[in-house]
Structure formats: C-alpha cells, structure tokens
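Residues per chain, in single letters:
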Amino acid sequence: QVQLVESGGGLVQAGGSLRLSCAASGRTFSSYAMGWFRQAPGQEREFVEAVCWSGGTTHYADYVKGRFTISRNNALNTVYLEMNSLKPEDTAVYYCAADLVYSDSVTTSYYGMDFWGKGTQVTVSS
C-alpha cells in the first residue's frame with residue numbers, strides 16, 4: 001500500500017505555468033509506476049502522463065504533449081508534473097496515481113492504477 005498526497009494546484013492565467021507534486025509514503029517508491037490523471041466537472045477522469053519506476057520511460061496524452069512534463073525523484077519519494085502554456089481547458093482536478101509493478105513499465109490506464117491521491121485543483125483563467 002502507498003499513500004499519495006498532491007500539492008501545487010491553484011489559479012493561473014492562460015499561458016502560465018504550474019508545478020504539481022505528489023509525495024508518496026508506504027512501500028518502496030521505486031516499486032510503483034506513477035501517473036497523473038485529471039477530471040473536469042461533469043467529465044470522466046482521463047489520463048494525462050505516466051512514468052515508469054526508473055523514470056526512464058514516459059507516456060503522454062496527445063493534448064498535453066509538448067506542454068507538460070512528468071518526472072520523479074525516487075530518493076525524495078516524489079513525482080512531479082510541470083505544466084506550461086496552460087489553457088482554460090486544462091482546468092480540472094489533477095490526481096496522482098500509483099501502480100505496483102514488478103518490471104520497469106508504464107501504466108496509462110485508469111483501471112490499472114492501484115492507489116490514488118485526493119487530487120489538487122488547477123484552474124486556468126482566460
């Protein structure tokens with residue numbers, strides 16, 4: 001089991017940047033593939049970005065490629081989401097998720113994730 005706590009959300013103007021952090025506790029952090037998902041009001045939760053446990057492989061949703069960057073620091077038990085060139089349509093609650101794996105793989109499916117944080121609100125104004 002792992003506990004996840006997101007931080008760094010807030011209000012930002014279109015074109016601005018935010019850096020989200022997800023602090024993990026529990027089983028050895030490097031045993032988890034990590035990902036970010038988001039959910040806008042009235043919408044289903046959708047995949048944003050994910051990273052394997054070594055940090056060497058990532059996968060991005062098409063709508064964030066070139067704007068968002070996921071990374072992790074296993075020594076600090078933390079995964080990050082750097083968001084640049086933010087758009088109003090990026091407004092959502094952003095969730096950190098963990099998938100316990102036994103190989104250095106990337107998980108991108110909502111159903112493949114084992115643990116979730118409570119989320120952090122990101123609001124992008126026009």
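The structure under discussion appears in the preceding block.
The notes below deal with the structure included here. (Residues numbered from 1 in each chain as written. Predicted model: local features only at pLDDT ≥ 70, side-chain atom pairs only at ≥ 80, totals over all residues. Heavy atoms only, no water.)

Looking at unusual backbone geometry
And then number 1: The phi dihedral of Asn77 falls on the positive side, at around 55°, and the residue is not glycine.
And then number 2: Along the chain, Asn77 falls in the loop between strand E7 (68–73) and strand E8 (78–83).
And then number 3: The phi dihedral of Ser85 falls on the positive side, at around 50°, and the residue is not glycine.
And then number 4: Residue placement: Ser85 occurs in the loop between E8 and strand E9 (92–100).
And then number 5: According to the relative accessible area criterion, Ser85 is partly exposed, its value standing at 41%. (Helix = DSSP H or I, 4+ residues; strand = E, 2+ residues; numbered from the N terminus. Buried < 20%, exposed > 50% of the residue type's maximum accessible area, 1.4 Å probe, protein only.)

Focus on the state of the cysteines
And then number 1: Following the criterion strictly, the structure yields one disulfide and no others.
And then number 2: Bridging Cys22 to Cys96, the disulfide has an S-S length of 2.1 Å. Between Cys22 and Cys96 the sulfur-sulfur dihedral comes to about -85°; the bridge is accordingly left-handed. Taken together, the residues Cys22 in strand E3 (residues 18–26) and Cys96 in strand E9 connect sequence positions 74 residues apart. (Disulfide = S-S within 2.5 Å.)

Quick look at the packing of aromatic side chains
And then number 1: A full pass over the atoms with the stated rule returns five aromatic pairs.
And then number 2: Here the aromatic rings of Tyr110 and Trp116 are separated by 5.1 Å at their centres, their planes lie at 40°, and the arrangement is tilted.
And then number 3: On the basis of relative accessibility, which here comes to 37%, the residue Tyr110 falls in the partly exposed class.
And then number 4: The class of Trp116 is partly exposed, set by a relative accessible area of 27%.
And then number 5: Put simply, the rings of Phe37, Phe47, Tyr110, Tyr111 and Trp116 pair up and form one aromatic cluster.
And then number 6: Between the NZ or CZ atom of Arg19 and the centre of the ring of Tyr80, over which it lies, the distance is 4.0 Å.
And then number 7: One residue, Arg45, lies across the ring of Tyr95, its end atom 3.6 Å from the ring centre. (Phe/Tyr/Trp six-rings, centres within 6.5 Å; stacked < 30°, edge-to-face > 60°. Lys NZ or Arg CZ within 6 Å of the ring centre and 35° of its normal.)

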